[in-house]
There are 2 protein chains.
Amino acid sequence: MPATAHKKLAHSAKWFHALADETRLQIIDCLTDGEQCVCDLTEKLAAAQSRLSFHLKTLKDAGLVKDRRDGRWIYYSLNGEALEQLSELVADLKGQSRKGPSLSPCCK
Amino acid sequence: MPATAHKKLAHSAKWFHALADETRLQIIDCLTDGEQCVCDLTEKLAAAQSRLSFHLKTLKDAGLVKDRRDGRWIYYSLNGEALEQLSELVADLKGQSRKGPSLSPCCK
DNA sequence: AAATTACATCAACGAATATTGATTAGTCAA
DNA sequence: TTGACTAATCAATATTCGTTGATGTAATTT
């Protein structure tokens, strides 16, 4: 089993897992308007701070969002590169783009 | 809170959840080669039958795959329409396609 | 009808996740 | 330094998820 294929597989699953939550999808949607600090999001989403902090960490660990500290604020924003790669991945899943290597070693 | 937006949100999360598993991603990758029965997949993925049946149900419930019975075999295949919609959804997440309604009612 | 094949479902267990409230860690201004 | 403010982390709890092995079901063959 090719280690590279397995890594891509694991990474893909991680991305999708990060997106598999309504709160996190709302966060991402908010971030399409531009970078926001946590306090912005707590207002807009009417969610507890610790909860959003948790979900932001999940998104950040997955590489989907970036953060930037400015004084006492930490601004979160979308990671455009990762979302672009995600877009290509979904195209692969459709089987329409057969350029990249297969995710699964058994279905070459 | 618009019920439609919330439904779209929940549906999106369901899609991503279905994709947030390595076994299920492998299944989808296999299915890009065309429809397969469960026994095909147990061979190719070297996984227990009950395990694949569980994951196939998850994918089917999410609407990402379809099944078709032919005698004692049940053939699974990708649902191209759903994958197309998923593709558009990811474009929305990138914020590049601002045609569709926002996922989150608070970030209009 | 009985046996076989292909697949679904169930029960049970451990592992991972999400939520809440409280605490801790930085940052800044007075 | 004190206090106010932003955000991360911790502890405790409840829920969800994935796997396995056993059982159930439907279609086919003998």
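Reference entry: report on the structure contained in this document. (Residues numbered from 1 in each chain as written. Chains lettered and ligands numbered in written order. Predicted model: local features only at pLDDT ≥ 70, side-chain atom pairs only at ≥ 80, totals over all residues. Heavy atoms only, no water.)

1. Digging into the protein's contact with DNA strand C
- Taken together, 21 residues surround DNA strand C, and among them His55(A), Cys39(B), Gln49(B), Ser53(B) and Tyr76(B) come closest.
- Ser53(B) has a polar side-chain atom sitting 2.6 Å from a phosphate oxygen of DNA strand C.
- Per-class residue counts for the surface near DNA strand C are seven nonpolar, seven polar and seven charged. (Near = heavy atom within 4 Å. Polar contact = N/O pair within 3.5 Å; in protein donor to acceptor, adjacent residues only side chain to side chain. Nonpolar A, V, L, I, M, F, W, Y, C, P; charged D, E, K, R; others polar.)

2. Focus: the nonpolar core
- If you look at the biggest cluster of nonpolar residues, it comprises 60 residues, and the most contacted ones within it are Phe16(A), Leu64(A), Phe16(B) and Leu64(B).
- Apart from residues lying up to four places away in sequence, Phe16(A) is in contact with Leu86(A), Leu89(A), Val90(A), Leu93(A), Phe16(B), Leu19(B), Ala20(B) and Leu25(B). (Core = buried A, V, L, I, M, F, W, Y, C linked by side-chain atoms within 4.5 Å. Buried < 20%, exposed > 50% of the residue type's maximum accessible area, 1.4 Å probe, protein only. Contact = heavy atoms within 4.5 Å.)

3. Topic: the protein's contact with DNA strand D
- By nearness alone, 21 residues border DNA strand D, and Cys39(A), Gln49(A), Ser53(A), Tyr76(A) and His55(B) come closest of all.
- Taking the atoms of DNA strand D that fall within 4 Å of the protein, sugar and phosphate contribute 70% of them.
- Here a phosphate oxygen of DNA strand D sits 3.5 Å away from a polar atom, N or O, in the side chain of Asp21(B).
- A distance of 3.4 Å is found between a base oxygen of DNA strand D and a side-chain nitrogen or oxygen belonging to Ser50(B).
- When residues of the surface near DNA strand D are traced back to their parent elements, those giving at least two are α3 (38-45), α4 (49-61) and β3 (73-78) of chain A together with α4 (49-61) of chain B.
- Here the residues of the surface near DNA strand D are counted per class, giving seven nonpolar, seven polar and seven charged. (Helix = DSSP H or I, 4+ residues; strand = E, 2+ residues; numbered from the N terminus.)

4. Details of unusual backbone geometry
- The phi angle at Ala46(A) is positive, at roughly 55 degrees, despite the residue not being glycine.
- Taking the relative accessible area as the measure of exposure, Ala46(A) reaches 69% and is therefore exposed.

5. What about the sheet that holds strand β1 (residues 36-37) of chain A?
Residues and elements named next belong to chain A.
- If you walk across this open sheet you meet the three strands as β1-β3-β2, and the pairing is antiparallel. Each of the sheet's edge strands pairs with one partner strand only, and the pair in question is β1 and β2 (65-70).
- In the sheet, β2 pairs with β3 via six bridges, with the strands oriented antiparallel. Within the sheet, the bridge partner assigned to Arg68 lies in β3 and is Tyr75. (Pairing = 2+ DSSP bridges.)

6. Details of the pairing of β3(A)
All names here are of chain A.
- In the sheet, β1 pairs with β3 via two bridges, with the strands oriented antiparallel. Within β3, the residue paired with Gln36 across the bridge is Tyr76.
- Here β2 folds back onto β3, and the loop between the two strands holds two residues, one of which, Gly71, carries a positive phi near 70 degrees.

Bear in mind that shape data such as this cannot, by itself, settle questions of function.
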